[in-house]
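Each chain is listed here by its residues.
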Amino acid sequence: MGTADLLLEGAQPSAMIKTSNNRPMAMFSLFMATTTLASGTTGAVTISVEPTPTILETIVSTVSDSVSDATDGLDDEMEICAAKIDAYYGKHKVPLAGYGSVFARAALENGADCEIAILAAAKGMAESTGGMYTPGSGANESYNAFGFGCSDKKGLKCKKYTGFDDAIEVVIYNLSGNNPKTARYYGPDKTITQMVNYYNPPKVVEAAYGDSTWYLNKIKRIMSQIDNIDVSDSSG
């Protein structure tokens with residue numbers, strides 16, 4: 001009675017199957033097709049196919065791979081730590097949003113815990129509004145989001161970094177107490193208050209803001225905001 005036509009587009013990775021009334025049935029990525037047509041019968045086509053991933057499926061897969069790569073090697077605690085930092089920065093829509101895993105991994109690699117990662121993140125918000133306002137721009141961009149390595153004795157001069165990743169790693173290397181040159185000021189044997197007060201001395205803060213505890217209170221407030229973010233849904 002009728003026949004079925006299998007239309008292959010040469011070597012293209014797609015094929016369209018049409019019925020005898022010329023109605024397209026589906027578009028597939030065709031890996032193997034076996035046609036069985038018996039003489040005098042209505043005709044039948046047996047096809048083994050593997051559907052091509054949709055554009056959305058491809059995007060989701062790519063994003064998932066990126067997230068997996070970013071958090072690869074982090075334990076559950078540090079994954080949550082990274083998620084909290086990302087959630088905080090993301091809420092404020094600042095350039096350091098998305099760098100949570102860099103903070104967490106830098107802390108982990110330096111033998112530090114999440115508190116040091118969050119301390120660094122808090123400094124990034126206090127010093128540059130999460131990387132939004134850094135010394136320099138364009139070809140002179142410093143990526144110095146933390147005020148680390150800056151001096152204003154003869155006009156503001158700041159250490160330049162190759163990127164935010166570099167700046168984060170250097171700051172956490174120091175805060176963790178691993179830099180011999182600054183280990184007496186930072187590290188596991190120091191309290192948050194001691195580290196912050198060395199980072200930005202109370203006398204300097206008082207001269208600028210009229211309150212020697214202003215900077216310390218700001219850092220602790222931001223740290224608390226980050227730490228109290230609920231990321232239970234995003235952490236899976």
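Above this note sits the structure.
Because the structure is predicted, anything quoted here is derived from the model rather than measured.

Applying the stated rule across the entire model yields two salt bridges. Taking the shortest distance from any N to any O, the salt bridge between K84 and D227 comes out at 3.5 Å. In this pair, K84 sits in helix α2 (residues 76-92) while D227 sits in helix α8 (residues 214-227), placing the two residues 143 residues apart along the sequence. The class of K84 is buried, set by a relative accessible area of 14%.

Turning our attention to the layout of surface pockets. Empty space within the largest pocket amounts to approximately 860 Å³. Around the largest pocket, the lining is made up of 30 residues, and of these E127, G147, C150, Y199 and N200 lie nearest the centre. Listing elements by their share of the lining of the largest pocket, those giving two or more residues are α4 (114-128), β6 (150-151), α6 (192-199), α7 (202-209) and α8. Broken down by element, the residue count for the lining of the largest pocket peaks at four residues, all from α7. Broken down by class, the residue content of the lining of the largest pocket amounts to 19 nonpolar, seven polar and four charged.

Right, let's talk about α4 for a bit. When the terminal C-alpha atoms of α4 are compared, their 21 Å separation across 15 residues agrees well with the 21 Å that a helix rising 1.5 Å per residue should span. Most of α4 is tucked away: 13 of the 15 residues are buried. The N-terminus of α4 is capped by D113, whose side-chain oxygen sits 3.2 Å from the backbone nitrogen of E115. A positive phi of about 55° marks T129, the residue just after α4.

In this section: a negative patch on the surface. Together, D75, D76, E77, E79, D113 and E115 give the surface a local cluster of negative charge. With respect to the secondary-structure elements, E115 resides in helix α4.

Rules and cut-offs
Throughout this document, residue positions are counted from 1 along each chain, in the order its sequence is written. In view of the model being predicted, local features appear only for residues whose pLDDT reaches at least 70, and side-chain atom pairs are presented and counted only at 80 or more, with totals across whole chains, interfaces and linings using the full set of residues. For the side-chain quantities, the full set of heavy atoms in the structure was used; hydrogens and water were omitted. Whenever Lys or Arg places a side-chain nitrogen within 4 Å of a carboxyl oxygen from Asp or Glu, that contact is recorded as a salt bridge. Secondary structure elements are taken from DSSP: a helix is a run of H or I of four residues or more, a strand is a run of E of two residues or more, and numbering for both begins at the N terminus. When accessible area is computed with a 1.4 Å probe and restricted to protein chains, residues below 20% of their type maximum are described as buried, those above 50% as exposed, and intermediate ones as partly exposed. In the cavity and pocket records, a cavity denotes points on a 1 Å grid over the protein atoms alone where a 1.4 Å probe fits but cannot get out, a pocket denotes an open set with protein on both sides within 12 Å along at least 5 of 7 lines, and lining residues are residues with an atom within 4 Å of a point. Grid points are joined across faces, edges and corners, and a volume is the space filled by probe spheres set on the points. In the scheme used here, Gly and all other residues not listed as nonpolar or charged are polar, with Ala, Val, Leu, Ile, Met, Phe, Trp, Tyr, Cys and Pro taken as nonpolar and Asp, Glu, Lys and Arg as charged. Expected helix span is given by 1.5 Å per residue-to-residue step, counting one fewer step than there are residues. Between N or O atoms, a polar contact is any pair within 3.5 Å; within protein, one atom must be a potential hydrogen donor and the other a potential acceptor, and residues adjacent in sequence are included only when both atoms are from side chains. Two distance rules govern patches: like charges are joined within 9 Å, and nonpolar side chains (Val, Leu, Ile, Met, Phe, Trp, Tyr) within 5 Å, applied only to residues with over 30% relative accessible area and no salt bridge. Using a 1.4 Å probe, the Shrake-Rupley method yields the accessible areas, and only the shown protein chains count as cover for residues. Neither His nor the chain ends contribute to the count of charged residues, in which Lys and Arg are positive and Asp and Glu negative. To locate a charge, take NZ of a lysine, CZ of an arginine, CG of an aspartate or CD of a glutamate.

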